[in-house]
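Residues per chain are reported as follows:
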Amino acid sequence: MDPRIALLIPCFNEEATIEKVVRDFRKILPKAEIYVYDNNSTDKTAEAALKAGAIVRHESHQGKGYVVRRMFREVDADIYVMVDGDGTYPADDVHSLIQPVSSGRADMCVGGRIAEKHSGAFRRFHIVGNHLIKNVVNSLFGADLSDILSGYRCFNHHFVTSIPLLSKGFEVEVEMTIQALDKGLVIQEIELPYRERPSGSSSKLRTFRDGFRVLLTIFNIFKDYKPLAFFFAVSIFLLLLSLVLGWNAFHEFSETGRVIHPATTVAAACLAVFSVISLVTGILLDTINRRYKELYVLMTRRSPDHKDSIPAGFPDHRT
């Protein structure tokens, strides 16, 4: 029996491209159910998608993260393919994206974007932002991924039903990647061409606003999923600051026999106390985090679509 494939397309004002995107994927995946989730478009995106034969649904909360959560909640399939509706990702390569997931070699397969030289597919600031985010995520989780922000992905049923997503906007791709790395799910990447947007289509990304949201997501997930490392770093910073201020107070007292700046001395003592509190907080949260991971492993092992290849201790982030 062939696996049930669902194509998920989150959309906001993609009237110029969505009909072609749906028809192109329908040609390559004739048996797949194609869902277009319209996110408060002010143009005729929904009408164009219906005309092309897609199942159209609506998400009233603005933001790609809201759309992805609703798609994962509502659509039932064995294999899920998610692609943007802007016509920048090639439908011809979708089987290459599906194959690692359908064969059981990956829980998520990501289409790493390769733009032609001198093309305008990537804006300069977005290239810089992508490299920054990629390097931060790879450093935090010991991975070797090349494209954290790609919108062209394939998932198995286990991934879709077991990954909790909280992001509201375009940072949802980062969260999906980090959640998979943290939970030891297998990620595979394949290189795919990335095209410029067709005429009449414009990017919804805002370089600084969405870049800040992505970095904030990384910060929060680092704090939540690597609490010992996070609070240890905070503890060291506070301790060093305390030593700098305390040394000045000690030096003054050794020279004059008096505490000339009592406020500095009190500040140094407070920073030392906060340093200890931060370290203890990191240890406690790390213990809680470990218990949560153990519970997650037990729950997923009871899941009917659980694979024995998922590592129990989460150390293996194969790509």
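Below or above, wherever it landed, is the structure these notes cover.

### What about the nonpolar core?
Thinking step 1. Counting 38 residues, the largest nonpolar core has Phe 72, Phe 155 and Phe 159 as the members making the most contacts within it.
Thinking step 2. If one sorts the elements of this core by residue count, helix α7 (residues 172-182) sits on top with six residues.
Thinking step 3. Leave out the neighbours within four places in its chain, and Phe 159 touches Phe 72, Asp 107, Met 108, Met 176, Ala 180 and Leu 185.

### What to know about the pattern of salt bridges
Thinking step 1. Per the counting criterion, the structure on display carries 13 salt bridges.
Thinking step 2. Among the salt bridges present, the one from Asp 182 reaches Lys 183, with a minimum N-O distance of 3.8 Å. For the pair Asp 182 and Lys 183, one class covers both residues: buried.
Thinking step 3. Note that Asp 224 and Lys 223 form a salt bridge whose closest N and O atoms lie 3.0 Å from each other.

### Considerations on the pairing of strand β3 (residues 55-58)
Thinking step 1. One ladder, built from four bridges, connects strand β2 (residues 33-38) with β3; its direction is parallel. Residue pairing for β3: Val 36 is matched across the bridge by Val 56.
Thinking step 2. With respect to chirality, the unit in which β2 leads through helix α2 (residues 45-51) into the neighbouring parallel β3 is right-handed.

### Side note on the pairing of strand β1 (residues 5-11)
Thinking step 1. Burial within β1 is extensive, with seven of its seven residues counted as buried.
Thinking step 2. Across the two faces of β1 the burial is the same, with Ile 5, Leu 7, Ile 9 and Cys 11 and Ala 6, Leu 8 and Pro 10 all buried.
Thinking step 3. Looking at chain direction, β1 and strand β4 (residues 79-82) are connected through four bridges and run parallel. Counterpart to Ile 5 in the pairing with β4 is Ile 79.
Thinking step 4. Bridging between β1 and β2 involves six bridges; their strand directions are parallel. If you follow Cys 11 over to β2, its bridge partner there is Asp 38.

Scoring rules and cut-offs
Residues numbered from 1 in each chain as written. Predicted model: local features only at pLDDT ≥ 70, side-chain atom pairs only at ≥ 80, totals over all residues. Heavy atoms only, no water. Core = buried A, V, L, I, M, F, W, Y, C linked by side-chain atoms within 4.5 Å. Buried < 20%, exposed > 50% of the residue type's maximum accessible area, 1.4 Å probe, protein only. Helix = DSSP H or I, 4+ residues; strand = E, 2+ residues; numbered from the N terminus. Contact = heavy atoms within 4.5 Å. Salt bridge = Lys/Arg side-chain N within 4 Å of Asp/Glu carboxyl O. Pairing = 2+ DSSP bridges. Right-handed = clockwise from strand over helix to strand, strands pointing away.

Take it as geometry only, folks, not as evidence of what the structure does.
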